[in-house]
Amino acid sequence: MTTRNQQAIAPSTAVESLRTALADAGIILPSLAVDTASPHLGLVELGRVRADVAAQLAAALRDGGRA
């Protein structure tokens, strides 16, 4: 189900917001980008990461984003 809030955020804005938040936590997702394959869906491509980066991301989420 799509809500109005989901449609209100441009994928490019979401990518930059997420990139900044991740950088603040010391995390880089090299493949983070707007998914151009399905522009009508407004998807963000998170891409692949090494296992240590995934663990770092999980820890940041658990800690509320604090590095």
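The structure under discussion appears in the preceding block.
To keep things clear, this report deals only with the structure shown in the data block.

### Let's talk about the side chain of Asp35
So, point 1. By the element assignment, Asp35 lies in the loop between strand S1 (33-34) and strand S2 (44-45).
So, point 2. There is a polar contact of 2.9 Å between the side chain of Asp35 and the backbone nitrogen of Ala37.
So, point 3. Apart from the residues within four sequence positions on either side, Asp35 is in contact with Leu43, Val44 and Glu45.

### Some thoughts on the nonpolar core
So, point 1. Listed in full, the eight residues of the largest apolar core are Val15, Leu22, Ala25, Ile27, Leu29, Leu32, Val53 and Ala60.
So, point 2. Those elements that provide at least two residues to this core are helix H2 (11-24) and helix H3 (51-62).
So, point 3. Sequence-distant contacts of Leu22, that is, excluding residues within four places in its chain, are made with Ile27, Leu29, Leu32 and Leu57.

Quick notes on the rules
Residues numbered from 1 in each chain as written. Predicted model: local features only at pLDDT ≥ 70, side-chain atom pairs only at ≥ 80, totals over all residues. Heavy atoms only, no water. Helix = DSSP H or I, 4+ residues; strand = E, 2+ residues; numbered from the N terminus. Polar contact = N/O pair within 3.5 Å; in protein donor to acceptor, adjacent residues only side chain to side chain. Contact = heavy atoms within 4.5 Å. Core = buried A, V, L, I, M, F, W, Y, C linked by side-chain atoms within 4.5 Å. Buried < 20%, exposed > 50% of the residue type's maximum accessible area, 1.4 Å probe, protein only.

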